[in-house]
Amino acid sequence: MRRPFVAGNWKMNGSRSHAASLVDGILEGKSDLGDVEVGVCPPFVLIPMVADRLAGSGVAWGAQNLDPNESGAFTGEVSGSMLADFDCRYCIVGHSERRALYGETNDLVAAKFQAAQRDGLVPILCVGETLAQREGDETEAVVAAQLNAVLDAAGPKTMVEAVIAYEPVWAIGTGMTATPEQAQAVHAYIRELIAGRDADVAGSVRILYGGSVKAGNAAELFAQPDIDGGLIGGASLQSDEFLAICRAACQ
Ligand code: PEP
């Protein structure tokens with residue numbers, strides 16, 4: 001039985017006061033959520049205050065990126081051990097914005113995945129195709145290449161301590177959500193791909209959907225058999241909307 005998980009990706013948004021009211025709103029509304037795991041991934045600088053506020057609440061926190069190196073002369077970077085020092089549980093790796101805007105390759109994403117686990121973090125590995133790739137019937141090939149890079153480098157068993165997020169690039173921040181059927185088809189494909197390496201791991205790994213999820217469309221997406229929750233961008237910046245999405249994950 002996979003426990004549903006809803007994680008908020010705040011991206012480069014927020015301020016100390018916005019983060020405080022967002023976290024307080026989540027804490028106020030979390031008592032009627034049911035059995036769903038909830039997490040937030042703020043920008044690095046807001047992690048310490050979010051960690052202080054969420055400590056002991058059952059709501060997890062994490063980061064949106066890490067450097068694969070352990071420490072040293074990497075100006076501007078943050079390591080997994082630094083994130084672990086602030087009790088981060090999760091770290092997003094391979095988000096499509098990082099792949100597209102910062103040139104992150106499948107190999108670098110695999111290195112970040114391994115570094116996160118080395119430092120005791122649970123990576124949330126993002127995969128997904130662009131619109132041109134979908135229209136060119138390349139969705140499965142693209143997702144397979146992204147996933148296989150990690151499976152080859154880290155081994156299938158590492159997926160037990162990881163979360164996968166299928167995020168079609170064309171659906172991120174665009175309001176163009178994948179239909180439940182489109183999303184389910186790719187989620188089932190991802191699970192099959194992992195089952196080809198290890199059936200037990202495939203059955204237990206949580207696969208989240210991300211891409212313009214809102215309170216109004218979350219329930220039908222999360223009702224799909226291979227969708228175990230969501231990675232939420234824009235809609236995670238308002239506590240009421242985010243909580244409504246979390247509630248939809250346990251229906
Ligand atoms: C994301 O950035 O991971 C995301 C899913 O964004 P949005 O929900 O805004 O589409």
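This text gives an overview of the structure that appears in the document. Model, not experiment: these values are computed from the prediction. (Residues numbered from 1 in each chain as written. Predicted model: local features only at pLDDT ≥ 70, side-chain atom pairs only at ≥ 80, totals over all residues. Heavy atoms only, no water.)

Right, let's get into the overall build of the protein chain. A count of helical and extended segments in the protein chain gives 11 helices and 8 strands. Computed over its C-alpha atoms, the radius of gyration of the protein chain comes to 17 Å, within 12% of the 18 Å expected for a compact globule of 251 residues. Its C-alpha atoms put the protein chain at 45 × 45 × 35 Å along the principal axes. Expressed as a percentage of its 251 residues, the buried residues of the protein chain come to 55%. Residue pairs at least 24 apart in sequence account for 73% of intrachain contacts in the protein chain once pairs closer than 6 positions are excluded. Taking the average place of the 18 positive charges on the side chains of the protein chain and the average place of its 32 negative ones, the gap between the two points comes to 3 Å. (Helix = DSSP H or I, 4+ residues; strand = E, 2+ residues; numbered from the N terminus. Rg over C-alpha atoms; globule rule 2.2 N^0.38 Å. Buried < 20%, exposed > 50% of the residue type's maximum accessible area, 1.4 Å probe, protein only. Contact = heavy atoms within 4.5 Å. Lys, Arg positive; Asp, Glu negative; His and termini not counted. Charge placed at Lys NZ, Arg CZ, Asp CG, Glu CD.)

Further remarks concern helix α8 (residues 180-195). Residues separated by three or four positions in an α-helix point in the same direction, a consequence of the helix having 3.6 residues per turn. Here α8 spans 22 Å end to end across 16 residues, near enough to the 22 Å set by a 1.5 Å rise per residue. Within the sequence span of α8, burial applies to Pro180, Ala183, Gln184, Val186, His187, Tyr189, Ile190, Arg191, Leu193 and Ile194. (Expected span 1.5 Å × (residues − 1).)

In the vicinity of the ligand, 14 residues are found, and the nearest of them are Lys11, His95, Glu167, Gly173 and Ser212. A distance of 2.7 Å is found between an oxygen atom of the ligand and a backbone nitrogen or oxygen belonging to Gly173. A total of 290 Å² of accessible area belongs to the ligand in isolation, and the protein chains cover 96% of it. Tallied by class, the residues present in the shell around the ligand amount to 4 nonpolar, 8 polar and 2 charged. (Near = heavy atom within 4 Å. Polar contact = N/O pair within 3.5 Å; in protein donor to acceptor, adjacent residues only side chain to side chain. Areas by Shrake-Rupley, 256 points an atom, 1.4 Å probe, with all protein chains shown as cover. Nonpolar A, V, L, I, M, F, W, Y, C, P; charged D, E, K, R; others polar.)

Moving on, we get to helix α5 (residues 106-118). With 13 residues, α5 should cover 18 Å at 1.5 Å per step; its first-to-last C-alpha distance of 18 Å lies within 8% of that length. Buried within α5 we find Val109, Ala110, Lys112, Phe113, Ala115 and Ala116. Buried-residue contacts for α5 involve β4 (90-93), α4 (96-101), β5 (122-127) and α7 (139-154). Within two residues after α5, Gly120 carries a phi angle of roughly 85 degrees, on the positive side.

Okay, the nonpolar core next. Counting residues in hydrophobic clusters, the biggest one holds 70 residues, and the most contacted among them are Met159, Ile190 and Phe222. It is α8 that provides the largest number of residues to this core, a total of 6 residues. Discounting residues that sit within four places of it in the chain, Met159 has contacts with Phe113, Leu125, Leu147, Val150, Leu151, Ile164, Val201 and Val205. The next biggest cluster of nonpolar side chains, apart from the first, holds 13 residues, and it includes Tyr90, Ile124, Cys126 and Leu231. (Core = buried A, V, L, I, M, F, W, Y, C linked by side-chain atoms within 4.5 Å.)

A word on the pattern of salt bridges. Counted by the stated rule, this structure contains 15 salt bridges. Taking the shortest distance from any N to any O, the salt bridge between Glu37 and Arg89 comes out at 3.9 Å. Of the two residues, Glu37 sits in strand β2 (residues 37-41) while Arg89 sits in the loop between α3 (80-85) and β4, which places them 52 residues apart along the sequence. Here Asp228 ties to Arg191 by a salt bridge, and the two come within 2.8 Å at their closest N and O atoms. In this pair, Asp228 sits in the loop between α10 (215-222) and β8 (229-232) while Arg191 sits in helix α8, placing the two residues 37 residues apart along the sequence. Overall, the relative accessible area of 9% leaves Arg191 in the buried class. Each of Arg2, Arg191, Asp226 and Asp228 takes part in salt bridges that share partners, so that together they form one network. (Salt bridge = Lys/Arg side-chain N within 4 Å of Asp/Glu carboxyl O.)

This brings us to the environment of Ser21. Positionally, Ser21 belongs in helix α1 (residues 16-29). Put simply, Ser21 and Gln238 are 217 residues apart on the chain and 9.3 Å apart in space, counted from C-alpha to C-alpha.

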